[in-house]
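Next come the chains, spelled out residue by residue.
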Amino acid sequence: MRLKSIYIYLIAVLVCTSFANAVESTNHTITSGTFGVAWLNDKGIVRIYDGQTIIEPIPNIKISTISAADILSENGDQLVFLDAARQSLHIYSFKTKKLLGPFGHNVKTFAIGRYSTDESYLSVVACTNSGQSFRWTKDIMNQTWLPLPGAFSYITPGKLNNSTADSYAMLANSDGNIYFFSTQWETYSTALEGKNAVALFAGNFTDSSLDDIVFWDKTDSVFLYSNKKIEDLKQKVKSVTLGKNGENVDTLYAIDKRGKPIVYSQESKTWKDVLTKNVFACSDLVTQTNPDGKGHTLFVIGNGNLYRISSNNQVELLSDQQSAKIFLKSGNQILADYRFGEVPYKPYIEKLRTPSGDNILRDAPYDHLHHHGLMFAIAVNGCNFWEEHTQRRGKQITVSINPQGGAETSSLESELDWKNSESKTLIRENRKISVLTGENVTLLDWQTTLKSDERGANLDKSNHHYFGIGLRFDQTMDKSGRFFSDSEKNKVTERLRIDERLTLCRWMAYTAKLNGKPVTVAVLGHPSNPIPTTAFTMGDTGKSFAYLGITLNLHRQPFEMKPNSSLTFRYRVAVWDGEVTPATIEKTYSNFIK
């Protein structure tokens, strides 16, 4: 068995075990590190399993590629990922709970390794969509990217020569040939030509003194390149990864075209099923090195959920993505999706549909990551439950939830604890949400009862004039609509930034085009609410995105709750296909307050 320096051994553990590559897209959708196992759900949102619980530390960015390594020298891995929309790199630190980036742009793929033995930290080497290659390290952060010679589309680090630093196998951008790049001399050596490779990674599968290369071509056939020889592994795959076995050779795993995890036997030169029975299709897989360093554990993704495969090939479900939502329906039609499980800050209505089934909401857009569809949040005792990037941010924790009839129902009731950054409960909430249909309209009723304990609670004055219930609309509804309220007598009580307005009214409506089709949305405040209905609107002048909410006006007049007291707020959100008249909305309002 080859001898490794301590640096190379650490890099192999941190980097090689985390690269599970989806063949069609060459994206890494699952990785492992000192923090646990991270994977992307069906929406491209990263979820983390730390061995006990599941969290979503970055719920607001759709991600295409993830990897784990200690790129910041924190004695623990960070999550490095590629923003799917911006095509830029980000780093999430589990130590500081901070998100760094974006770094670079137009990035297609990246790899992490020790570029030089003179450096105490790792390097990211990235390939752009245009074929350029760059190097990035923590000392230069966002200041500059160091260009590397050549045009490449894919890259992987490994011990490919006798240097004590990593070298890299790089896939040519134009012809699918593979080249070895020496970081010591910044030169290229052996070329593997004519194989039309689309992706590759390095690992020790043959007890060689150097790493081997596993690559696959445009037909999804996988090959092993070792000692300058190519071995056809006679298998078409969807995803490939490796498992570290201490001083023994690595184990090669894959997902085959059936969606089953398989393992390659070096002795028999054949592939075998990992599981005797598969009840779900797998999309990707990764291994995590065991604490003793002598073996590994296999994890797979199926239907957006994470499963662990034990040593006796038993499958354990670690997450259930569907259990994080309740689908609110009227008759046989689902009108709204309520998301409550594994949300890091606040449960919310993720989707709200018109009678014809079109969703009007947008969740966590890049410009305001804390905007989640239809949500309710304010500040309490100096803790900000609306924003999610401040130090004094809070979390709405679901203590219990009771849907009337299971995962698909017309109503739900939930108890929530509003906790500060020190996990102290500042206030409690009883939340009731239900849906129903009227005359060609979707109706959603939201009732929030805030309850103080023996200490009372302060609903804080702040600089934010929009705290309350609010809706962020689908992007196609931005800059194309108009607001109107229940009467021309409802005058704007306050004009704020750009086109932001506060209007004292009974209801406020917004009509705009959703993907080219007109829709109308109205939010109605019940007259029994302890704070008069004041609408917050923005976005009808074309200068900003569109937003509609009912603010509690706490920026002007904070509200002090007495010990063991409660406040109840009732709202109705109505959604129509097409444009409707104020008279139609007024009729809906009259039915609401009966």
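Note that the structure is predicted; figures quoted are calculated from it, not measured.

1. Digging into the overall build of the chain
Then, in step 1: Counting its regular elements, the chain contains 2 helices and 50 strands.
Then, in step 2: For the chain, whose C-alpha radius of gyration is 27 Å, the value lies close to the compact-globule estimate of 25 Å for 594 residues.
Then, in step 3: Taking the principal axes of the C-alpha coordinates as reference, the chain spans close to 85 × 50 × 50 Å.
Then, in step 4: Out of the 594 residues belonging to the chain, those deemed buried represent 59%.
Then, in step 5: Mean positive and mean negative side-chain charge positions of the chain (66 and 62 charges, respectively) differ by 3 Å.

2. Observations concerning the pairing of strand 31 (residues 348-352)
Then, in step 1: Among the 5 residues that make up strand 31, 4 are buried, leaving the element largely enclosed by the rest of the structure.
Then, in step 2: As judged from the 4 bridges shared by strand 30 (residues 333-339) and strand 31, these two strands associate in the antiparallel manner. Bridge pairing in strand 31 places Ala336 opposite Leu352.

3. A closer look at unusual backbone geometry
Then, in step 1: The omega torsion of the bond from Gly101 to Pro102 falls at 5°, within 30 degrees of zero and hence cis.
Then, in step 2: Structurally, Pro102 is set in strand 9 (residues 98-103).
Then, in step 3: Here the phi dihedral of Gln87 falls at roughly 55°; this positive angle occurs in a residue that is not glycine.

4. Topic: helix 2 (residues 582-593)
Then, in step 1: Look at helix 2: 17 Å from first C-alpha to last across 12 residues, which is about the 16 Å you get at 1.5 Å a residue.
Then, in step 2: Where the residues of helix 2 are buried, they touch strand 39 (441-451), strand 42 (482-485), strand 45 (507-514), strand 46 (517-525) and strand 50 (566-577).

5. What about the environment of Val573?
Then, in step 1: By the element assignment, Val573 lies in strand 50.
Then, in step 2: On the basis of relative accessibility, which here comes to 1%, the residue Val573 falls in the buried class.
Then, in step 3: For the pair formed by Val573 and Ala85, sequence separation is 488 residues and the distance between their alpha carbons is 30 Å.
Then, in step 4: The residues touching Val573, leaving out its near neighbours within four places in the chain, are Leu352, Leu374, Thr442, Leu443, Leu444, Leu471, Val521, Ala522 and Val523.

6. A closer look at the packing of aromatic side chains
Then, in step 1: Summed over the entire model, instances satisfying the criterion amount to 22 aromatic pairs.
Then, in step 2: Ring centres 5.0 Å apart and planes at 40° place the aromatic pair Phe103 and Trp136 in the tilted group. Of this pair, Phe103 sits in strand 9 while Trp136 is found in strand 12 (residues 133-137), placing the two residues 33 residues apart along the sequence. Of the two residues, Phe103 and Trp136, neither departs from the other in class, the shared state being buried.
Then, in step 3: Ring geometry for Phe385 versus Trp418: centroids 4.9 Å apart, planes at 50°, classification tilted. Taken together, the residues span a long stretch of sequence, with Phe385 in the loop between strand 34 (383-384) and strand 35 (395-403) and Trp418 in strand 37 (residues 411-419) at a distance of 33 residues. Accessibility assignment for this pair places Phe385 and Trp418 in one class, buried.
Then, in step 4: Taken together, the aromatic side chains of Trp386, Tyr466, Phe467, Phe536 and Tyr547 make up a single cluster linked through ring pairs.
Then, in step 5: Over the face of the ring belonging to Phe545 we find Arg472, whose NZ or CZ atom lies 3.7 Å from the ring centre.

7. Considering the sheet that holds strand 4 (residues 46-49)
Then, in step 1: Pairing in this open sheet of 4 strands is antiparallel, and the strands run 2-3-4-5 from one edge to the other. Since the sheet does not close on itself, it has two edges, and those belong to strand 2 (30-33) and strand 5 (54-55), each with one partner.
Then, in step 2: Pairing geometry for strand 4 and strand 5, over 2 bridges, is antiparallel. The partner of Ile48 across the bridge, within strand 5, is Ile55.

8. Digging into the sheet that holds strand 6 (residues 63-69)
Backbone-to-backbone hydrogen bonds join strands into a sheet, with any given pair of strands oriented parallel or antiparallel.
Then, in step 1: Taken together, the 4 strands give an open sheet; going across it, the order is 6-7-8-9, and neighbouring strands pair in antiparallel fashion. At either end of the open sheet lies a strand with only one pairing partner, and these are strand 6 and strand 9. Ignoring strand direction, the axes of neighbouring strands in this sheet form an average angle of 20°.
Then, in step 2: Alignment of strand 7 (residues 78-83) against strand 8 (residues 89-93), held across 4 bridges, turns out to be antiparallel. When the sheet's bridge partners are listed, Leu82 is paired in strand 8 with Leu89.

9. Some remarks on the nonpolar core
Most often, soluble globular proteins keep nonpolar side chains buried together rather than apart.
Then, in step 1: Judged by nonpolar contacts, the single largest core of 67 residues is most densely connected at Ile349, Ile360 and Leu444.
Then, in step 2: The dominant element in this core, judged by the number of residues it contributes, is strand 50, at 5 residues.
Then, in step 3: Counting 30 residues, the second largest nonpolar core, distinct from the first, contains Ile178, Leu200, Phe223 and Ala254.

10. Digging into the environment of Arg47
Then, in step 1: Relative to the elements of secondary structure, Arg47 occurs in strand 4.
Then, in step 2: For the pair Arg47 and Phe152, spaced 105 residues apart in the sequence, the C-alpha separation amounts to 30 Å.

11. Details of the pattern of salt bridges
Then, in step 1: Going through the model one piece at a time under the given rule, you end up with 22 salt bridges.
Then, in step 2: For the salt bridge of Arg308 with Glu316, the shortest nitrogen-to-oxygen distance reads 2.8 Å.
Then, in step 3: For Arg308, a relative accessible area of 24% corresponds to the partly exposed category.
Then, in step 4: Close ionic contact of Glu422 with Lys424 constitutes a salt bridge, the shortest N to O distance being 3.8 Å.
Then, in step 5: Within this structure, Asp256, Arg258 and Asp273 form a network of salt bridges that share partners.

12. Quick notes on the confidence of the model for the chain
Then, in step 1: Overall, the predicted model of the chain reaches an average pLDDT of 85, with 91% of residues at or above 70.
Then, in step 2: Taking the mean pLDDT of every element in the chain, the minimum, 27, falls on helix 1 (residues 6-14) and the maximum, 98, on strand 50.
Then, in step 3: pLDDT under 50 marks residues 1-25. Its contacts with residues more than four places away, or in other chains, come to 92 contacts.

13. Some remarks on the pairing of strand 48 (residues 547-551)
Along a regular strand, successive side chains alternate from one face of the sheet to the other.
Then, in step 1: Burial analysis of strand 48 places 5 of its 5 residues in the buried class, which makes it a mostly covered element.
Then, in step 2: Pairing between strand 41 (residues 468-472) and strand 48: 5 bridges, direction antiparallel. Considered in strand 48, the bridge of Ile469 is made with Ile550.
Then, in step 3: By the bridge criterion, 5 bridges tie strand 47 (residues 534-538) to strand 48 in an arrangement that is antiparallel.

Calculation criteria
- Residues numbered from 1 in each chain as written.
- Predicted model: local features only at pLDDT ≥ 70, side-chain atom pairs only at ≥ 80, totals over all residues.
- Heavy atoms only, no water.
- Helix = DSSP H or I, 4+ residues; strand = E, 2+ residues; numbered from the N terminus.
- Rg over C-alpha atoms; globule rule 2.2 N^0.38 Å.
- Buried < 20%, exposed > 50% of the residue type's maximum accessible area, 1.4 Å probe, protein only.
- Lys, Arg positive; Asp, Glu negative; His and termini not counted.
- Charge placed at Lys NZ, Arg CZ, Asp CG, Glu CD.
- Pairing = 2+ DSSP bridges.
- Expected span 1.5 Å × (residues − 1).
- Contact = heavy atoms within 4.5 Å.
- Phe/Tyr/Trp six-rings, centres within 6.5 Å; stacked < 30°, edge-to-face > 60°.
- Lys NZ or Arg CZ within 6 Å of the ring centre and 35° of its normal.
- Axes fitted to C-alpha atoms, helices over the stretch in contact; angles between N-to-C directions.
- Core = buried A, V, L, I, M, F, W, Y, C linked by side-chain atoms within 4.5 Å.
- Salt bridge = Lys/Arg side-chain N within 4 Å of Asp/Glu carboxyl O.
- pLDDT = per-residue confidence, 0-100.

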